[in-house]
Structures are given as C-alpha cells and as structure tokens.
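# Structure at a glance
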Amino acid sequence: MNAPVSAAATDLIALEERYAAHNYHPLDVVLTRGEGPWVWDVAGKRYLDCLAAYSAVNQGHNHPRIIAALVEQAKLLGLTSRAFRNDKFGPFCKKLSELSGYERVLMMNSGAEAVETAIKAARKWGYEVKGVPANTAKIIVCEGNFHGRTTTIVGMSTDPGARDNYGPFTPGFEVVAYGDLAAATAAFDEHVVAVLVEPVQGEGGIIIPPKDYLPGLRALCDKHDALLICDEIQSGLGRCGSLFAHTLAGVRADAVTIGKALSGGLYPVSAFLADDRVMKVFTPGSHGSTFGGNPIACAVANAALDVLVDEKLVERSAELGAWMKAQLDDMASPHIKELRGIGLWYGIELHPEAGGARKFCEALEQRGVLCKETHQHTIRLAPPLVVERADLEWALVQLREVLGTA
Ligand SMILES: *Cc1c(COP(=O)(O)O)cnc(C)c1O
C-alpha cells in the first residue's frame, strides 16, 4: 500500500534516494515544520508524531523555551572546546546532578558516545578500583539490546542487520537472554566489571522485563562487586512515567546513560552519570569530546530539563500513559499478538500472518498518524509527552480503523 505522494515530496525523495546513503528506509513523508506533538509535510498536511524522533522530542517539536535558549546562546558563544571553561557548563552539570541524584556528569553528544563512555568507565573502574587483571574485564549485556552504532557497540548487538560484516569486534562482552536472571547469574565470574542493560528495551519492541529482573541484577552486581549501568537513552527523561525507568523497579543503578530527550531534540546532547567512586577514574586526557559540554548543548539541555520539570511531563506521561494503555488494551483487533506499554510508550506486536507492521504504519500515515515499525512485526507508539488526551483519542480512532479490520 503505497501512499500517494505530493509532487514536491516526490522530487525531494528522488534527491535523497539518488544522493544519500541508503542506511535508512523512511516512510515517504517529507516533513518541513513541527509544533508540539504535530508535524507538517511539504504539501501542508498535518500529522500527529507518534514516534517523537525515537523519544528525543519528549518536550514536543520546537518548544519555544528551548528554541529561545538555543537562539540566545548561539548569538553569544557556540563552542570553546574543553580546553577553556564556559559559563554554561558548570551550572548545567549542577542542575543535571541534582535532578538525577548522581554526583557527577560527563557530557558527550550522541547516545552511542555516552554508552562508549560507560564502557570505558566500567573497564577503567574494573582495573583501577576492583582490581581485575589487565585486559580481562567482562561486561554482561542482553540479547535484543540496542546501545548505538559504533563498532564496539554493534559487536555486542544480536541484530544481524546492525552487526553483519563489521567485524572483527571488540572482545570483553558476554550476551545473555534479556529478563532471565538465571542466565545473568551464570555469566558472572571475577572478571565481570558491569552489567549494561536497558530497563525497557526500546528498539527491541518495548520489551518490559519481569518485575524481579532489575532487582535481581542489582543483587548480583552487589554480590560480585560489579557496576549496574542502565542505558536510559530512550527509556529515561519521562518516557516511562518516571525520570528513569529503572527506579520504577525499586533499584538505583551505579551509572546511567541519557541522551535523546536531554535536548528536546534540538541539539545532540548525551551524558554519562555516575557517583565519584566511578567517575574519579577519568583524569585529564583519559577521555573527551570536542563538542561535549559546549555552551549551546548546555543551554539547550538546561532549557529542555526545565521544560520537563516545569510542565510536569514525567507525571503527565504516567497519567496519560495509563489512560492510553487501557484504551489500547480494549482495542479489538485480529492482528494484535501482544500489547506492551509503560508510561507513554507502547509496542503493538502483530501476528506474523498480518504481513509485517510496515503496511499498517503506511496506512496510519495516510490518516495523519506517524509511527514506525520496529523489528518487522511491532508498531511502536511514543508521542511527545506534551500530547493532549484529545489528540490521542483521535489517534486511537485511526488505530482502531487501521488495525480493527481483518
Ligand atoms: C538511540 C539509543 C542509543 C544511541 O543513541 P544515538 O544518539 O543514536 O547514538 C543508545 N541506547 C539506546 C537505548 C537508544 O535508544
């Protein structure tokens, strides 16, 4: 089912297909403007954004407060590098530390860089603090993970599409089944320095582990003196109805990676958060980034966090999310195999006989609802947290009509 595409869009798509690398398979919708949960294509048609740039736009598109911070800072000072200090960096680190409850902040740009920082921190901590013999550190990761796209990170992926033909890979990772405490227990030995885990697997299809999983990992890490590191790049900053998804399970991670919504989608900003006992392993020259912690990143992220707090978006995600989950649970559809949800985040997994989620996403696009399939059979819904209940009611009508028919 191919959507009719406007002439303007057709030309733009042709340019992209001809000149850009084909490392994505986007829907044929060419967007030009956004506001709150809404985006407009080049023909002027309006859509409800139910992907929110993989949860980078939790604060909604073009939030006026974040835009103002971006523009104002861009006029003042863009980049100093960390060779010099800038006046936005310290205050922002203080804000993020106080909000998150971690003593220190290490700022990077992309999510993958924050995860690389976590891996480096865990290894260095393992050698210098725990006393693991040189070059033998092991990090436990999970099947179905998504932690980014660097060669080290795709080396520990179990997704052939992300991984194939990028070897040889970085050693020192052991992959265990997600949600399976016995598998994690069996993987522990004296070389383990960390467990790196998504509290909810986003790219994996909104997979929520059993209730005792994160507490179980916490206990294993305590017992074996290893770090529990939660990748909250997609699950964090309100998406799950909590600042961090892992705290919903009643645990505190030793370190956390965040990104995506840290800037409300207006600038690439990520961070690795940890207490002194871990962060002290980084000394001048041992890690860094030219753009990490730059004044624009700090000003934008500062405003993005203010919006999250002042507009109570975390609470909103929990409340609106629970209402939406009940509506989705009630949706009668012959195609739905399983519906998973937490906060304002849902994975609608379809039966293989439905023929893949893509055609449903295309049908929804026709009706003005933008979402994207993940792993072929799952529709992910992740609207900006500023979305109104009335907008979701309208989206539910579209979902019912697209999914309700056999
Ligand atoms: C998106 C994502 C990343 C990678 O972030 P990039 O900014 O694309 O590098 C890492 N971990 C998780 C859980 C993510 O969802």
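Here, the structure is the one placed above.
Everything numeric here is computed off the predicted structure, so don't read it as measured data.

## A short note on the overall build of the protein chain
- Across its full length, the protein chain carries 14 helices and 15 strands.
- Against the globule reference of 22 Å for 406 residues, the protein chain gives a C-alpha radius of gyration of 21 Å, in line with a compact fold.
- Counting only C-alpha atoms and orienting by the principal axes, one finds that the protein chain spans roughly 60 × 55 × 45 Å.
- Counting across all 406 residues of the protein chain, residues that qualify as buried make up 54%.

## Topic: the site of the ligand
- Around the ligand, the neighbouring residues are Ser110, Gly111, Ala112, Phe146, His147, Gly148, Glu198, Asp231, Ile233, Gln234 and Lys260.
- Bound to the protein, the ligand loses 81% of the 380 Å² it would expose on its own.
- The residue inventory of the shell around the ligand, partitioned by class, reads 3 nonpolar, 5 polar and 3 charged.

## Quick word on the packing of helix α13 (residues 358–366) against helix α14 (residues 389–404)
- At a minimum axis separation of 10 Å, α13 and α14 run at an interaxial angle of 135°. By the angle between their directions, the pair α13 and α14 is classed as oblique. Seen from above, α13 lies across α14 with right-handed handedness. Along the contact surface, α13 presents Phe360, Ala363 and Leu364, while α14 presents Gln398, Leu399, Val402 and Leu403.
- In terms of residue class, the contact of α13 with α14 is made up of 6 nonpolar, 1 polar and no charged.

## Digging into the nonpolar core
- Val197, Leu328, Ile348, Ile379 and Leu381 are the most contacted members of the largest nonpolar core, which has 86 residues in total.
- Mapping this core onto the domain boundaries places at least three of its residues in each of domain 1 (7–59 + 312–402) and domain 2 (64–310).
- Discounting residues that sit within four places of it in the chain, Ile379 has contacts with Tyr346, Gly347, Ile348, Leu350, Ala357, Phe360, Cys361, Cys371, Lys372 and Leu403.
- Counting 29 residues, the second-largest nonpolar core is a separate cluster that includes Ile119, Ile139, Val193 and Phe282.

## Description of α14
- In this model α14 runs 21 Å from its N-terminal to its C-terminal C-alpha over 16 residues, within 8% of the 22 Å that 1.5 Å per residue would give.
- Here α14 has its buried residues at Asp391, Leu392, Ala395, Leu396, Gln398, Leu399, Val402 and Leu403.

## Looking at the state of the cysteines
- Here the structure, examined in full by the defined rule, presents 0 disulfides.
- The closest cysteine sulfur to the non-disulfide-bonded Cys142 is located on Cys230, 10 Å from its own sulfur.
- With relative accessibility at 2%, the residue Cys142 sits in the buried group.
- There is no disulfide at Cys240, and the cysteine sulfur nearest it, in Cys230, is 11 Å away.
- What makes Cys240 buried here is its relative accessible area of 4%.

## A short note on the environment of Leu262
- On the secondary structure map, Leu262 appears in the loop between β9 (255–258) and β10 (270–274).
- Placed 166 residues apart in sequence, Leu262 and Leu96 show a C-alpha to C-alpha distance of 9.8 Å.
- In contact with Leu262, other than residues within four places in its own chain, are Phe92, Leu237, Val269, Ser270, Ala271, Ala301, Ala304 and Leu305.

Reading the values: rules and limits
- Residues numbered from 1 in each chain as written.
- Predicted model: local features only at pLDDT ≥ 70, side-chain atom pairs only at ≥ 80, totals over all residues.
- Heavy atoms only, no water.
- Helix = DSSP H or I, 4+ residues; strand = E, 2+ residues; numbered from the N terminus.
- Rg over C-alpha atoms; globule rule 2.2 N^0.38 Å.
- Buried < 20%, exposed > 50% of the residue type's maximum accessible area, 1.4 Å probe, protein only.
- Near = heavy atom within 4 Å.
- Areas by Shrake-Rupley, 256 points an atom, 1.4 Å probe, with all protein chains shown as cover.
- Nonpolar A, V, L, I, M, F, W, Y, C, P; charged D, E, K, R; others polar.
- Axes fitted to C-alpha atoms, helices over the stretch in contact; angles between N-to-C directions.
- Parallel < 35°, antiparallel > 145°, perpendicular 65-115°, else oblique.
- Left-handed = near helix turned anticlockwise from the far one by under 90°.
- Contact = heavy atoms within 4.5 Å.
- Core = buried A, V, L, I, M, F, W, Y, C linked by side-chain atoms within 4.5 Å.
- Domains from an automatic or database assignment.
- Expected span 1.5 Å × (residues − 1).
- Disulfide = S-S within 2.5 Å.

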